[in-house]
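Observations on the three-dimensional arrangement
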Amino acid sequence: NGNIQWQKAYGNDGAYEVEIQSTVAGSDGAYLLIGRESADMGAFVAMNGWVAKVDADGNPVWQRRLQNQGQTLLISGVQASDSAYVVVGVDHTQGLMVTLDATTGLPLSGKLYPSLFSITSVIRSPDDSGLVVLGNSSSGAWLAKLDSAGEIVWQKTYARIAAGVGGRSVLA
């Protein structure tokens, strides 16, 4: 019927402002909120990846700030198993993938992809435990199959047809 069941504000602690890029529904009824937090530091804007898990009523379970080289943005994610989420995005000028424990939110592993500007979308591979990711490189949109450790099984680059045009979403 379109009626609001609940609404909440997340992450704003006074210094940092949170911008949510995407959400993932978990198998336990919870939701993963994925994005960034930023703060104006005068001469520059500090930006960290931000991810939070909330329960079915929107109450925070955990939240994490992820930062590597100073300008991190998380864009998308997927529940890879009952015990882990995978979030993707960009760290400085590199594609980024981080696996998080579903219960605690603690990082289990992370991987940078230096040849990519960003990873914009991730889904579970329908045929096994791997992932299919979409990103952007200097050559155009980048599509790849990754194994469970984040290693590239296969990859394909699709040439840009116009300036600024690249990949944004991959659907199952």
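Now for a description of the structure that goes with this document. Here, residues in each chain are numbered from 1, in the same order as that chain's written sequence. Per-residue local features of the predicted model are confined to residues with pLDDT of at least 70, and side-chain atom pairs are confined, for both listing and counting, to 80 or more; whole-chain, interface and lining totals are unaffected and use all residues. By convention in this description, side-chain values take in all heavy atoms of the structure and omit both hydrogens and water.

1. Focus: the pairing of strand β9 (residues 116-124)
Filter applied, for reference: Summary of the burial criterion: residues with accessible area below 20% of their type's maximum are buried, those above 50% are exposed, and those between are partly exposed, where the area comes from a 1.4 Å probe applied to protein chains only. The helix count covers DSSP runs of H or I at least four residues long, the strand count covers runs of E at least two residues long, and both are numbered beginning at the N terminus. Whether two strands pair depends on DSSP finding at least two bridges between them.
Counting buried positions along β9 gives seven out of nine residues, so the element sits mostly inside the fold. Taken together, β9 and the strand that follows it, strand β10 (residues 131-137), pair antiparallel across an intervening segment of six residues.

2. Notes on the packing of aromatic side chains
Selection criterion: By convention, a stacked pair of Phe, Tyr or Trp rings (six-membered ring in the case of Trp) has centres within 6.5 Å and planes under 30 degrees apart, an edge-to-face pair has planes over 60 apart, and any other such pair is tilted. Put simply, a charge is over a ring when the Lys NZ or the Arg CZ is close to the ring centre, within 6 Å, and near the line of the ring normal, within 35 degrees.
One pass over the structure, following the stated rule, counts two aromatic pairs. Across from the ring centre of Tyr 113, 5.7 Å away, lies the NZ or CZ of Lys 111, which sits over that ring. Lying over the aromatic face of Tyr 158, Lys 156 brings its terminal NZ or CZ to 5.7 Å of the ring centre.

3. What to know about the sheet that holds strand β1 (residues 17-25)
Note the threshold: Only the contacting stretch of a helix is used when fitting its axis, a line to C-alpha atoms as for every element, and angles between N-to-C directions run 0 to 180 degrees.
Strands sit in the order β1-β2-β3-β4 across an open sheet of four strands; the sheet is antiparallel. Either end of the sheet is taken by a strand with one partner, and the two such strands are β1 and β4 (60-66). The mean angle between the axes of side-by-side strands here comes to 20°, regardless of whether they run parallel or antiparallel. Of the strand pairs in this sheet, β1 and strand β2 (residues 31-40) are connected by eight bridges, and their pairing is antiparallel.

4. Section: the environment of Tyr 16
The test is simple: When checking whether two residues touch, look at their non-hydrogen atoms; a contact exists if any pair is within 4.5 Å.
Tracing the backbone through its elements, the reader meets Tyr 16 in the segment before β1. Overall, the relative accessible area of 17% leaves Tyr 16 in the buried class. Placed 46 residues apart in sequence, Tyr 16 and Trp 62 show a C-alpha to C-alpha distance of 17 Å. Contacts of Tyr 16, omitting those with residues within four sequence positions, involve Gly 11, Glu 37, Ser 38, Ala 39, Met 41, Asn 48 and Arg 65.

5. What about the pattern of salt bridges?
Inclusion rule: We count a salt bridge whenever a side-chain nitrogen from Lys or Arg sits within 4 Å of a carboxyl oxygen from Asp or Glu.
A complete count under the given rule lists four salt bridges for this structure. Residue Glu 19 is joined to Arg 36 by a salt bridge in which the shortest nitrogen-to-oxygen separation is 3.0 Å. Placement of the pair is Glu 19 in strand β1 and Arg 36 in strand β2, with a sequence separation of 17 residues. Here Glu 151 makes a salt bridge to Lys 111, at a shortest N to O gap of 3.2 Å. Here Glu 151, found in the loop between β11 (140-146) and β12 (152-159), pairs with Lys 111, found in strand β8 (residues 107-113); they are 40 residues apart in sequence, far enough to count as distant. Judged by relative accessible area, Glu 151 falls into the partly exposed class, the value being 39%. Owing to a relative accessible area of 24%, Lys 111 belongs among the partly exposed residues under this scheme.

6. Some remarks on the pairing of β2
Two faces belong to every sheet, and in a regular strand the side chains alternate between them. Within β2, seven of the ten residues are buried, which leaves it mostly tucked inside the rest of the structure. Hairpin connection, β1 to β2: the antiparallel pair is bridged by five residues, and Gly 29 has positive phi, about 90°. Linking two consecutive strands that pair antiparallel, namely β2 and strand β3 (residues 45-54), is a turn of four residues; a positive phi of about 90° is found at Gly 42 within it.

7. Here we look at the side chain of Thr 99
Checked against the element boundaries, Thr 99 lands in strand β7 (residues 94-101). Judged by relative accessible area, which is 14%, Thr 99 ranks as buried. With residues up to four places along the chain from it excluded, the contact list for Thr 99 reads Ala 84, Tyr 85, Val 86, Leu 106, Pro 107, Leu 108 and Ser 109.

8. Thoughts on the environment of Ser 138
Tracing the backbone shows Ser 138 in the loop between β10 and β11. Considering only alpha carbons, one finds Ser 138 and Phe 117, 21 residues apart in sequence, at a separation of 7.3 Å.

9. Considerations on the sheet that holds strand β5 (residues 72-81)
Taking strand neighbours across the sheet as the criterion, the four strands line up as β5-β6-β7-β8 in an open arrangement whose pairing is antiparallel. Among the strands making up the open sheet, the edge pair consists of β5 and β8. Geometrically, the sheet is characterised by an average inter-axis angle of 20° between neighbouring strands, direction not taken into account. In terms of strand pairing, β7 meets β8 through six bridges, oriented antiparallel. Residue pairing in the sheet places Leu 96 in a bridge with Leu 112 of β8.

Any link to function would need more than the numbers given here.
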